[in-house]
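So the chains spell out like this:
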Amino acid sequence: MPDISKYDQILDALQTLLENENMQTITVSQIAQTAGIGKGSIYYYFSSKEAVLEALIERNYKKPLETAKDLAKRTDIPPFTRMAMIMQACRNSSAEYLREDSVPSFIGAQEQSYLHQKYLNYLICELKPELTAIIEQGIEIGEIHFEYPAALAEIVLIVLTVKLGNSLLPSTAANIEETMRALISLLEKGTENPQGSLNFLLSL
């Protein structure tokens with residue numbers, strides 16, 4: 001049975017190394033040395049250095065995503081309300097990523113971009129099935145009319161993670177609100193809901 005404490009030691013070691021070095025220059029040997037374990041132990045838990053990074057990202061943002069998944073299963077709540085919960089999870093996760101102490105200020109722009117790309121990929125992949133299921137449930141009960149639920153979920157998540165994250169494409173508050181209004185308008189028209197019926201999503 002895998003040693004959970006050793007698994008976390010490896011993740012802690014990479015997080016420590018990232019405070020002073022670029023991911024591209026960090027080696028598996030450095031991670032092992034910092035963790036105080038043998039290099040072979042790294043490969044017992046992870047297939048590569050990149051796999052360690054992905055696990056670190058998953059650990060750092062697991063809580064808000066699990067909350068979103070639990071809420072998304074509440075079929076007693078209307079689909080668009082649960083969609084709003086997913087959107088809020090995106091915002092919370094983005095805020096967590098952008099915390100002052102989340103990514104050290106002295107990490108270069110290129111390194112931050114690399115880490116953020118990994119984070120966005122994880123966030124979208126994890127939330128897409130949940131949002132797709134919500135849209136499909138909405139279709140089943142007749143509240144949503146749309147032929148491509150998975151594609152719609154992906155579009156919504158891409159817009160939200162990029163805009164609400166506000167780091168890959170920095171925008172003013174007014175520009176973010178304008179994009180959200182446009183997204184809501186497209187959702188209303190694309191899902192055949194009355195104009196203004198989804199404006200509650202602007203509370204994000």
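In this text, all values refer to a predicted model and were calculated from it rather than measured experimentally.

(A) Spatial organisation of the nonpolar core. Of all hydrophobic cores here, the largest spans 56 residues; its most connected members are Leu14 and Leu187. In terms of residues, this core owes the most to one element, helix H7 (residues 109-140), which gives 10 residues. Apart from the residues within four sequence positions on either side, Leu187 is in contact with Met83, Met87, Leu152, Val156, Leu198 and Leu201.

(B) Quick peek at the side chain of Glu130. One can find Glu130 in helix H7. Every residue in contact with Glu130, bar those within four places of it in the chain, is listed here: Lys69, Ala72 and Ile86.

(C) Here's a closer look at the packing of aromatic side chains. Counting across every chain of the model gives 4 aromatic pairs. On the numbers, 6.2 Å between centres and 70° between planes, the contact of Tyr7 with Tyr45 is edge-to-face. Of this pair, Tyr7 sits in helix H1 (residues 4-18) while Tyr45 sits in helix H3 (residues 39-45), and the two are 38 residues apart along the sequence. Look at Tyr7 and you get partly exposed, because its relative accessible area is 28%. Look at Tyr44 and Tyr45: their rings are 4.9 Å apart centre to centre, the planes differ by 90°, and that puts the pair in the edge-to-face class. Residue classification places Tyr45 among the buried positions, given a relative accessible area of 18%. Each residue in the set Tyr7, Tyr44, Tyr45 and Phe46 is aromatic and connected to the rest through ring pairs, giving one cluster.

Procedures and definitions
- Residues numbered from 1 in each chain as written.
- Predicted model: local features only at pLDDT ≥ 70, side-chain atom pairs only at ≥ 80, totals over all residues.
- Heavy atoms only, no water.
- Core = buried A, V, L, I, M, F, W, Y, C linked by side-chain atoms within 4.5 Å.
- Buried < 20%, exposed > 50% of the residue type's maximum accessible area, 1.4 Å probe, protein only.
- Helix = DSSP H or I, 4+ residues; strand = E, 2+ residues; numbered from the N terminus.
- Contact = heavy atoms within 4.5 Å.
- Phe/Tyr/Trp six-rings, centres within 6.5 Å; stacked < 30°, edge-to-face > 60°.

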